[in-house]
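Residues per chain, in single letters:
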Amino acid sequence: MALQGHNEPTGRAKITPAYNLPCDFVLHTVGPIVRGKVTENDRELLASCYRECLKIAQENGIKSVAFCCISTGEFHFPNDEAAKIAVEAVRKYKGNTEVIFNVFKDVDYKIYRKLLG
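Keep in mind that this is a model prediction, so the values were computed, not measured.

Quick notes on the overall build of the protein
- Scanning the protein from terminus to terminus reveals three helices and four strands.
- The helix and strand sequence of the protein, counted from the amino end, reads β-β-α-β-α-β-α.
- Reported as C-alpha extents along the three principal axes, the dimensions of the protein are approximately 35 × 35 × 25 Å.
- Of all intrachain contacts in the protein linking residues separated by at least 6 positions in sequence, the fraction that spans at least 24 positions is 60%.
- When the accessible surface of the protein is split by element, carbon and sulfur atoms take 53% of a total near 7900 Å².
- Computed over 16 positive and 14 negative side-chain charges, the separation of the two mean positions in the protein equals 4 Å.

Following this line, the structure appears as structure tokens:
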């Protein structure tokens, strides 16, 4: 971000080459930072992260995307609510991109298993 001279806006996304990573591209998005109670604006911005990434993926012919748990952890979005928003945003998206929810914590695995069946 220092080289580009500005911060990325919350809820938007961009694409870059993956360079030495074992994929072709990296989708970058900035989720909302929750301060106190989760607001409706926080929820909309988080959903927008997923929609914008899927839109860019489709525009670039990307057949599959792996999402981490956007805005959880240091950004303090509650894991269960963030997962519900992620799953809902992906289900509502009218594209043909395969989505993988890549989780690191057992608690997130259990949440996504329950939501996805």
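Some thoughts on helix α1 (residues 40–59)
- Taking 1.5 Å per residue as the helical rise, α1 with its 20 residues ought to reach 28 Å, and the 28 Å between its terminal C-alpha atoms agrees with that figure.
- Turning to α1, its buried residues number three or more, namely D42, L46, A47, S48, C49, Y50, C53, L54, I56 and A57.
- Where α1 ends, the next residue or the one after it, G61, has phi of about 70°, a positive value.

Observations concerning the packing of α1 against helix α2 (residues 79–92)
- Direction vectors running N to C along α1 and α2 enclose 40°, while the axes themselves pass 9 Å from each other. As the angle between them shows, α1 and α2 are arranged oblique. Between α1 and α2 lies a crossing whose hand is right-handed. Of α2, the residues touching α1 (which contributes R43, L46, A47, Y50 and L54) are E81, A82, I85, A86, A89 and V90.

Criteria and thresholds
- Residues numbered from 1 in each chain as written.
- Predicted model: local features only at pLDDT ≥ 70, side-chain atom pairs only at ≥ 80, totals over all residues.
- Heavy atoms only, no water.
- Helix = DSSP H or I, 4+ residues; strand = E, 2+ residues; numbered from the N terminus.
- Contact = heavy atoms within 4.5 Å.
- Areas by Shrake-Rupley, 256 points an atom, 1.4 Å probe, with all protein chains shown as cover.
- Lys, Arg positive; Asp, Glu negative; His and termini not counted.
- Charge placed at Lys NZ, Arg CZ, Asp CG, Glu CD.
- Expected span 1.5 Å × (residues − 1).
- Buried < 20%, exposed > 50% of the residue type's maximum accessible area, 1.4 Å probe, protein only.
- Axes fitted to C-alpha atoms, helices over the stretch in contact; angles between N-to-C directions.
- Parallel < 35°, antiparallel > 145°, perpendicular 65-115°, else oblique.
- Left-handed = near helix turned anticlockwise from the far one by under 90°.

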